[in-house]
Amino acid sequence: MMEGIERIALSTGGGDAPGLNAVIHAATLAARNRGWEVVGIRDGFNGLLSPDDYRGDGSEGGLIELTRDRVRGIIHQGGTILGTTNRGNPTAYPVQQGGAWTEVDRTPELLGRFKEHRIDALITVGGDGTMAIGHHLHEAGLRLVGVPKTIDNDLDKTTTTFGFDSAVDFASQCIDRLFTTATSHGRIIVVEVMGRYAGWIALNAGMASGVHAILIPEIPFSLEPVAALIADRERHGAKFSIVCVAEGARPAGGEVSILGKSRGQAERLGGIGTKVAAELQRMTGREARTVVLGHLLRGGSPTSFDRLLGLRFGAAAVRALEEGQRGVMVALNPPTVDYVPIAEATRRQKRVPLDCDSLLTARDMGINFGDEMPTYSTIGV
Ligand code: F6P
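Definitions and limits used
Residues numbered from 1 in each chain as written. Predicted model: local features only at pLDDT ≥ 70, side-chain atom pairs only at ≥ 80, totals over all residues. Heavy atoms only, no water. Near = heavy atom within 4 Å. Polar contact = N/O pair within 3.5 Å; in protein donor to acceptor, adjacent residues only side chain to side chain. Nonpolar A, V, L, I, M, F, W, Y, C, P; charged D, E, K, R; others polar. Pairing = 2+ DSSP bridges. Helix = DSSP H or I, 4+ residues; strand = E, 2+ residues; numbered from the N terminus. Axes fitted to C-alpha atoms, helices over the stretch in contact; angles between N-to-C directions. Contact = heavy atoms within 4.5 Å. Expected span 1.5 Å × (residues − 1). Buried < 20%, exposed > 50% of the residue type's maximum accessible area, 1.4 Å probe, protein only. Salt bridge = Lys/Arg side-chain N within 4 Å of Asp/Glu carboxyl O. Parallel < 35°, antiparallel > 145°, perpendicular 65-115°, else oblique. Left-handed = near helix turned anticlockwise from the far one by under 90°. UniProt positions renumbered as here; feature names shortened; annotations may be inferred.

S.K.: Lay out the site of the ligand with the relevant residues and their values.
M.R.: Every residue lining the ligand is accounted for by N86, I151, D152, M194, G195, R196, E247, H295 and R298. Contacts to the ligand include D152, whose side-chain N or O atom sits 2.6 Å from an oxygen atom. Within the side chain of H295, a nitrogen or oxygen atom sits 2.8 Å from an oxygen atom of the ligand. Taken together, the residues that form the shell around the ligand break down as 2 nonpolar, 3 polar and 4 charged.

As structure tokens, then:
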């Protein structure tokens, strides 16, 4: 027989994304309307793993009571009211032992804390890292449902994630602005966007704002075709060009540009925009500048699309728990929200398929991807 639920917890992990508060809002109301208590765990699982760090900050030992009052008016707010972290994976928690750093599995301790706080089930909101942790906790016996989040759109088994639309929308607005200054100065502007090892943000924002070249991780690039396109534009009187490069893009035969790596975190990508701009300036003789949009893409108010998706995901996660589902992730499968085994969602990253219609559309418009010499003038765009 299915065990009843009296109290659930919500947790947000990994990088923040616009729409997280919409999930918290809908999940809290849907749970409260079923008579369940709801608490939020501070900063991923850190609120439960290190409760002493949270004494006196308004949360009780790292937990926040999520009442109707607490979640009122947060749908439009960026970030997450619970806080988040991309450190502190409970399955490989970095600790110092005898002067040296090592990783320990704190799963049993974490499961004990859930019991101690009478938490019957968890809704865990995050990207691929968080879903992998969720899968592990599910296998260890915790009743949980995952909610997919990432601006990168690289989570498999869901058509999209909330956060992505807001990131693309803001990146497009920024690129629109870069057009006017690039045109005025007759410059090349290279704009670097986030996305890790997937080119979704670069492709979508680049297309939506009509850039001339897009460099994505899925297509290792050479700058000869891009420089040829810039020269062609110049011959036809357009002395400016805009290139949108994904942080994970890499030259053919070269490496991804990495800024560094901290303990317990994934490597930080970045720097490719500066390299591309310097090289294009050298190759074309035209002045080039770089703009890195970085964390601006994670900030701000979610678009209405992301608000709605967050709300739908949050309520669907509660319905899943009520139906007795566990170890599943809610997923957008238009027109509906489905449930998929969490393990399936973490099996591979969702990257831009080389035959997808967006990519074909971009190529049809003459946008260059650094893999083919331009065959016709792109002066029209
Ligand atoms: O996954 C979301 C993301 O914003 C990536 O696009 C980016 O590479 C990474 O997080 C940056 O994370 P951090 O918060 O560690 O700078």
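S.K.: Could you give an account of the sheet that holds strand β9 (residues 213-215), with specific residues and numbers?
M.R.: If you trace the 4 strands from one edge of the open sheet to the other, you get β9-β10-β8-β13, paired in parallel fashion. Looking along the sheet, the strands with just one partner apiece sit at the ends: β9 and β13 (288-292). Strand-to-strand twist in this sheet, taken as the mean axis angle between neighbours without regard to direction, amounts to 20°. In this structure, strand β8 (residues 188-193) lies alongside β13, joined through 5 bridges in parallel fashion. Note that in β13 the partner of V191 across the bridge is V291. Sitting on the sheet, helix α5 (residues 164-185) touches β8, β10 (241-246) and β13, and the angle it makes with β8 is about 165°.

S.K.: Which residues make up α5, and what are the values?
M.R.: Relative to the 32 Å expected for 22 residues at 1.5 Å per residue, α5 spans 31 Å between its end C-alpha atoms, a close match to the ideal helical length. Considered for burial, the residues of α5 that qualify are F164, S166, A167, V168, A171, S172, C174, I175, L178, F179 and A182. Taken together, the buried residues of α5 touch β8, α6 (200-208), β10, β13 and α9 (304-322). With its phi angle positive at about 60°, G186 sits one or two positions after the end of α5.

S.K.: Kindly report on the pairing of strand β7 (residues 144-148), identifying the contributing residues and their values.
M.R.: In terms of burial, β7 is largely enclosed, as 5 of its 5 residues are buried. Along β7, one buried face is formed by L144, G146 and P148 and the opposite face, lined by V145 and V147, is buried too. Two strands pair when backbone bridges link them, and strand β6 (residues 121-126) and β7 are joined in this way by 5 bridges, in the parallel orientation. Paired with G126 across the strands is P148, a residue of β7.

S.K.: Tell me what's going on with the pattern of salt bridges, and back it up with residues and numbers.
M.R.: Taken as a whole and assessed by the stated rule, the structure comprises 18 salt bridges. Residues R106 and E109 are paired through a salt bridge, measuring 2.7 Å at the closest nitrogen-oxygen approach. The class of R106 is buried, set by a relative accessible area of 14%. Each of R7, E37 and R118 takes part in salt bridges that share partners, so that together they form one network.

S.K.: Kindly report on the packing of α5 against α6, identifying the contributing residues and their values.
M.R.: Contact pair α5 / α6: the axes reach a minimum separation of 8 Å and the direction vectors enclose 45°. Taken together, the axes of α5 and α6 are oblique relative to one another. The way α5 lies across α6 gives a crossing that is right-handed. Packed against α5, whose contacting residues are F164, A167, V168, A171, S172 and I175, the element α6 presents W200, I201, N204, A205 and A208 at the interface. Looking at the contact of α5 with α6 residue by residue, the classes come out as 9 nonpolar, 2 polar and no charged.

S.K.: Quick one: what's the story with the sheet that holds strand β3 (residues 63-65), residue by residue and with numbers?
M.R.: Spatial strand order, β3-β2-β1-β6-β7-β14-β15: 7 strands in an open sheet with mixed pairing. Two strands bound the open sheet, and with one partner strand each, they are β3 and β15 (336-341). Put simply, the sheet's adjacent strands are angled 30° from each other on average, direction ignored. For β7 and strand β14 (residues 328-333), the ladder comprises 2 bridges, and the chain directions are parallel. Bridge assignment links V145 to a residue of β14, and that residue is V328. Across the sheet, helix α1 (residues 20-32) lies against β1 (7-12), β2 (37-41), β3, β6 and β7, angled at about 175° from β1, the strand it touches most.

S.K.: Please set out the UniProt feature "binding site: ATP" (unreviewed entry) in the chain residue by residue, giving values where relevant.
M.R.: On the UniProt side, "binding site: ATP" (unreviewed entry) is annotated at positions that read G15, R87, G88, G127, D128, G129 and T130 here. Mapping G127 onto the fold places it in the loop between β6 and α4 (128-139). With sequence-adjacent residues up to four places away left out, G127 is seen in contact with G13, K149 and L155. Structurally, T130 can be placed in helix α4. For T130, a relative accessible area of 8% gives the class buried. In this structure, T130 is in contact with G13, G14, T124 and V125, ignoring residues within four places of it in sequence.

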